[in-house]
Amino acid sequence: MSTTPTEGPDWRPVRRVRAHEEVLARIEEQIAAGRLKAGDRLPGERQLAESLNVSRASVREALRVLEAMGVLVSTTGRGPDAGAVLTGRPADALADVLRLHVGLAHFSLHDIVETRRIVESWAARSAATRAEPADLDRLRDAVSRMTGPDLTPDRFNQADADFHLALAEASGNHVVATLMHGLRDAVGRHAVEAVERLGWPDAAVALREDHRRILKAIETGRPDAAAKAVHEHLRRSYPDDL
């Protein structure tokens, strides 16, 4: 009588985890469990090292990683204000990562602009039905700063950035607003170059009208018109990348 051979052991590679990664995992566990939240101060470096049975160097490395991720702010010195405090600046951290990867050509400008089109078209559509008076004021203020005798490509670009960030925040979706901040900041240099390439100062006139059309569609509660206006604006701004 023959027997069916059983499968052999499933040998999987052992994952080597560095000490600072274990520190990160423990801190993440506390955040996930709700025992740590934004504004809370982490234990001192020595205390944390002793509690987790790791070296202070491993704790310092873990804190540096968290700071780079935008979830921690470290202050040096002594007293109640010194130490590591959990915070939230995901937009800045995301912008840093995107900017580096754009620079390394891991993400093409075309992909970034196309993602902006997708995200901003949705944001404009949503803003047309959700925008609060304060949101509209921010959008109007940005448009008002896109004109004047002292206008330069850099100043125009700053007003443009403020407009698009205000638009994303007017959508009412915090993740979309954070993503938009990262995307816009990652291509900030390209945005200035785009205005100059289109021909300064004539380009400012056309681009300003684009923003006015977007604003008008949001003010009058027309989602489709707002999304279309965003798409046309980005096509004008980046004709070779969309």
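What you see is a predicted model; the values in this text were computed from it and never measured.

(A) Highlighting the confidence of the model for the chain. When pLDDT is averaged along the chain, the result is 86; 90% of the residues meet or exceed 70. The least confident element of the chain is helix 4 (residues 90-103), whose mean pLDDT is 77; the most confident is helix 6 (residues 133-144), at 97.

(B) Representation of the pattern of salt bridges within the structure. Counted under the stated rule, the structure contains 18 salt bridges. Measuring nitrogen to oxygen at the nearest pair gives 2.3 Å for the salt bridge that ties Asp224 to Arg125. Taken together, the positions of Asp224 in helix 11 (residues 223-237) and Arg125 in helix 5 (residues 109-130) put the pair 99 residues apart, joining distant regions of the chain. Residue classification places Asp224 among the exposed positions, given a relative accessible area of 56%. Across the pair Asp160 and Arg184 runs a salt bridge whose closest N-O atoms are separated by 2.5 Å. Pair noted here: Asp160 is in helix 7 (residues 153-170) and Arg184 is in helix 8 (residues 174-186), with a separation of 24 residues, a long-range link. Classification of Asp160 as buried rests on a relative accessible area of 8%. When salt bridges that share partners are traced, they join Glu22, Arg26 and Glu29 into one network.

(C) View of the packing of aromatic side chains. Taken as a whole and assessed by the stated rule, the structure comprises one aromatic pair. Ring plane angle 70° and centroid distance 6.1 Å describe the contact between Phe156 and Trp200, whose orientation is recorded as edge-to-face. With a gap of 44 residues between them, Phe156 in helix 7 and Trp200 in the loop between helix 9 (188-199) and helix 10 (202-219) connect regions that are remote in the sequence.

(D) Quick peek at the packing of helix 2 (residues 45-52) against helix 3 (residues 56-68). Axis separation between helix 2 and helix 3 bottoms out at 9 Å; the angle between their running directions is 110°. Compared by their axis directions, helix 2 and helix 3 come out roughly perpendicular. Helix 3 is crossed by helix 2, and the crossing has right-handed handedness. Here Glu45, Arg46, Leu48 and Ala49 of helix 2 come into contact with helix 3, specifically with Arg56, Val59 and Arg60. Considered class by class, the residues forming the contact of helix 2 with helix 3 number three nonpolar, no polar and four charged.

(E) Quick look at the nonpolar core. Ranked by size, the top nonpolar core spans 39 residues in total, and within it Leu139, Phe156, Phe163, Leu167, Ile218 and Tyr238 carry the most contacts. If you list the elements that add at least two residues to this core, you get helix 4, helix 5, helix 6, helix 7, helix 8, helix 9, helix 10 and helix 11. Top contributing element to this core by residue count: helix 5, with seven residues. If near-sequence neighbours (up to four positions away) are discounted, Phe163 is found in contact with Leu139, Ala142, Val143, Met146, His211, Ile214 and Leu215. Counting residues in hydrophobic clusters, the runner-up holds 14 residues, among them Val23, Leu48, Leu63 and Leu66.

(F) Up close: helix 8. Over its 13 residues, helix 8 extends 18 Å from the first C-alpha to the last, a length consistent with the 18 Å expected when each residue adds 1.5 Å. Within the sequence span of helix 8, burial applies to Val176, Ala177, Met180, Gly182, Leu183, Arg184 and Ala186. Taking the backbone nitrogen of Val175 as reference, a side-chain oxygen 2.9 Å away marks Asn173 as the first, capping residue of helix 8.

Quick notes on the rules
Residues numbered from 1 in each chain as written. Predicted model: local features only at pLDDT ≥ 70, side-chain atom pairs only at ≥ 80, totals over all residues. Heavy atoms only, no water. pLDDT = per-residue confidence, 0-100. Helix = DSSP H or I, 4+ residues; strand = E, 2+ residues; numbered from the N terminus. Salt bridge = Lys/Arg side-chain N within 4 Å of Asp/Glu carboxyl O. Buried < 20%, exposed > 50% of the residue type's maximum accessible area, 1.4 Å probe, protein only. Phe/Tyr/Trp six-rings, centres within 6.5 Å; stacked < 30°, edge-to-face > 60°. Axes fitted to C-alpha atoms, helices over the stretch in contact; angles between N-to-C directions. Parallel < 35°, antiparallel > 145°, perpendicular 65-115°, else oblique. Left-handed = near helix turned anticlockwise from the far one by under 90°. Contact = heavy atoms within 4.5 Å. Nonpolar A, V, L, I, M, F, W, Y, C, P; charged D, E, K, R; others polar. Core = buried A, V, L, I, M, F, W, Y, C linked by side-chain atoms within 4.5 Å. Expected span 1.5 Å × (residues − 1). Polar contact = N/O pair within 3.5 Å; in protein donor to acceptor, adjacent residues only side chain to side chain.

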